[in-house]
Amino acid sequence: MFLETLTFLTQTLTRATFLLVLLTAGSGDAQSRCTSRRCLAEMLINKNISSQPQYENCTHVIRVPLMEYQTLSVDTKNLRLISRLQATVVWRDRELAWDTSIYNYEEVILPVDTIWTPELHVTNGILTTMEHSSRDLLAYSNGTVKHTVIINAEVNCEVNLFNYPFAADECPVAIQAWSVDGCGTELELGHLRSVDSTHGDWKTDSVDYQKKRDDRNYIMVSLSIKYTNPFITLLLPTILILLADVVSFALPLGGGERNSFKVTLVLSFTMFLGILNDKLPGDSECSPIIRTHFCVCLVLLVLSMLVSLVLTRVAKDGGFIFCCCPKRSGPKNTGNKDDEEDDEAKADISVVQLSGSEESNKMLRMVVNFLQAWEAKGEESERNMELANMLDQTFFWFYLVLGSVYFISMTCVMVKFTCTVNHFDFWY
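No experiment lies behind these values; they were computed from the predicted model shown. (Residues numbered from 1 in each chain as written. Predicted model: local features only at pLDDT ≥ 70, side-chain atom pairs only at ≥ 80, totals over all residues. Heavy atoms only, no water.)

So, the overall build of the chain
A count of helical and extended segments in the chain gives seven helices and 13 strands. Split into buried and exposed, the 428 residues of the chain put 34% on the buried side. For the chain, the share of sequence-separated contacts (at least 6 apart) that also reach a separation of at least 24 residues comes to 73%. Roughly 25500 Å² of accessible area belongs to the chain as shown, and the carbon and sulfur atoms make up 59% of that amount. (Helix = DSSP H or I, 4+ residues; strand = E, 2+ residues; numbered from the N terminus. Buried < 20%, exposed > 50% of the residue type's maximum accessible area, 1.4 Å probe, protein only. Contact = heavy atoms within 4.5 Å. Areas by Shrake-Rupley, 256 points an atom, 1.4 Å probe, with all protein chains shown as cover.)

The structure is reproduced here in structure tokens:
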């Protein structure tokens, strides 16, 4: 009896234990069979995939179906192109694929820092930063991953400023992915779009993908300067100042008004030289020809001022400073004048003998000599003024023709002439 009871208790305990094991296993399996989208994301996160997908070929293709380019600014002084790129990158990682019969979803959102993401950089960038546009990315059931990155780059681009302020040039922005000895990532570029193409004095005319070779992709950015602002602030003042200098020849040589006006023009022009120095680089492969233009204009202004000063001296006493001695009427023909004075004195003596007033005749002779000297001096001044006016008119026409020919020639050079710059010296 006791044996039968013990056997019954043993069987009952065994059945209970078996049932308990089944319940526990069923509960654990129910928990592991969570098929929600969040459970799918956690399952992929727990794989800890932090390295690049690597298969038989160690080069992985990264597709860039869309890239948006934006020119933020052009640093004319330091020859820098500052740009922003927003790229949509797509790649495939088989380790991130899942069975849609278990997880019935075609896509899932994953944190960007939990899986491997490709890195893009600008080869010719002095400063380049890449950041994720969002903390999350999108993964598809076949292992395809889609994400968006933002690249801010400051590119060393020697913009051709020879024709400034009518300058236009192209600047490459080299887009590359990491690759060493044939291993790494390879870019497959798609559509390129330019956004917000106008900033400051420069505008982006066009952007397009080009290649130097299969592994050297770049964006060729066509830039042109909006010449209205630099023309008004730099080029137009030089034209007006030289025009004012030409018109200043209408002022008389005497009195000093013309000389003081020309000195004021020269001092005013030096102010624009300071503005030009702040805007343009010190030197480059194609140095701006407007520097030469400013130097020539300054030389013309100084030449006009010096000629005006010399002609003022000529108008006054008929001589050039440091060139020849001024003309003086007094020292010349002194012997003849003495003879004339003796004759006049003899005539006066005869008159004195007749009149009997020697002192009165002496005073009269002095007055006559003074009036004759005054008249001679006036005639000499008129001759000097005529000479100065003749030289002034000659120089005026020479200055006008020279300035007109120069401005026409310089305008043609600024607009028509092109200077070639090698923008790809960063690749060797």
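Further notes follow.
Here's the deal with a nonpolar patch on the surface
Where nonpolar side chains cluster on the molecular surface, the patch consists of Met363, Met366, Val367, Phe370, Leu371 and Trp374 and spans about 690 Å² of accessible area. Tracing the chain through its elements places methionine 366 in helix α7 (residues 358-416). (Patch = residues over 30% accessible without salt bridge, like charges linked within 9 Å, V, L, I, M, F, W, Y side chains within 5 Å. Salt bridge = Lys/Arg side-chain N within 4 Å of Asp/Glu carboxyl O.)

Notes on the sheet that holds strand β13 (residues 216-225)
With antiparallel pairing, the five strands of this open sheet are ordered in space as β4-β8-β13-β12-β11. Each having just a single partner strand, β4 (120-122) and β11 (198-199) make up the two edges of the open sheet. Sheet analysis places β4 next to strand β8 (residues 168-177), joined by three bridges and oriented antiparallel. The residue of β8 that forms the bridge with histidine 121 is glutamine 176. (Pairing = 2+ DSSP bridges.)

A look at the pairing of strand β10 (residues 183-194)
Two strands pair when backbone bridges link them, and strand β1 (residues 59-75) and β10 are joined in this way by 10 bridges, in the parallel orientation. Pairing of glutamate 68 across the sheet is with arginine 193, part of β10. In this structure, the hairpin formed by strand β9 (residues 179-180) and β10 is closed by a connection of two residues, where aspartate 181 is found at a positive phi of approximately 50 degrees.

Examining the packing of aromatic side chains
With the rule as written, the count across this model stands at 13 aromatic pairs. With a centroid separation of 5.1 Å and 70 degrees between ring planes, the pair formed by phenylalanine 396 and tryptophan 397 is classed as edge-to-face. Tryptophan 397 sits in the exposed class, given a relative accessible area of 54%. Each ring, one from tyrosine 406 and one from phenylalanine 407, has its centre 5.6 Å from the other, and the planes form 70 degrees; the classification is edge-to-face. An aromatic cluster is built from Phe249, Phe395, Phe396, Trp397, Phe398 and Tyr399, whose rings are joined through pairwise contacts. The lysine or arginine in question, arginine 94, covers the ring of tyrosine 55, its NZ or CZ lying 4.3 Å from the ring centre. One cation-aromatic arrangement involves lysine 262 over phenylalanine 249; the distance from NZ or CZ to the ring centre is 4.2 Å. (Phe/Tyr/Trp six-rings, centres within 6.5 Å; stacked < 30°, edge-to-face > 60°. Lys NZ or Arg CZ within 6 Å of the ring centre and 35° of its normal.)

What about the pattern of salt bridges?
Under the defined criterion, the tally for this structure stands at five salt bridges. For glutamate 107, the salt bridge goes to arginine 37, with nearest N and O atoms at 3.9 Å. Of this pair, glutamate 107 sits in strand β3 (residues 107-111) while arginine 37 is found in helix α2 (residues 37-45), placing the two residues 70 residues apart along the sequence. Glutamate 107 sits in the partly exposed class, given a relative accessible area of 29%. Exposure remark for arginine 37: the relative accessible area of 36% places this residue in the partly exposed category. The closest approach of N and O atoms between arginine 80 and glutamate 154, which form a salt bridge, is 3.8 Å. A residue pair is termed long-range when its members are at least 10 positions apart, and arginine 80 in strand β2 (residues 80-92) and glutamate 154 in strand β7 (residues 144-156) qualify at 74 residues. Judged by relative accessible area, arginine 80 falls into the partly exposed class, the value being 22%.

Some words on the nonpolar core
Soluble globular proteins tend to pack their nonpolar side chains together in the buried interior. In this structure, Leu81, Leu110, Val173, Ile219 and Ile290 are the most contacted members of the largest nonpolar core, which totals 84 residues. Considering each element in turn, this core owes the most residues, 11 residues, to helix α5 (residues 289-317). Residue contacts for valine 173: discarding those within four places in its chain leaves Tyr69, Leu81, Val122, Asn124, Val155, Tyr218, Ile219 and Val221. One finds Ala174, Tyr218, Phe424 and Phe426 within the second-largest nonpolar core, a separate group that totals six residues. (Core = buried A, V, L, I, M, F, W, Y, C linked by side-chain atoms within 4.5 Å.)

A few points about the state of the cysteines
All chains considered together, the criterion is met by three disulfides. No disulfide involves cysteine 295; its sulfur sits 9.3 Å from the nearest other cysteine sulfur, which is in cysteine 297. (Disulfide = S-S within 2.5 Å.)

Some points on the confidence of the model for the chain
Averaged over the chain, the pLDDT score is 81; the fraction of residues at 70 or greater is 83%. Low pLDDT, under 50, characterises residues 25-31; the stretch is placed with zero contacts to residues that sit more than four places away or in other chains. Confidence over residues 323-342 falls short of pLDDT 50; this stretch has 11 contacts with residues more than four positions distant or in other chains. (pLDDT = per-residue confidence, 0-100.)

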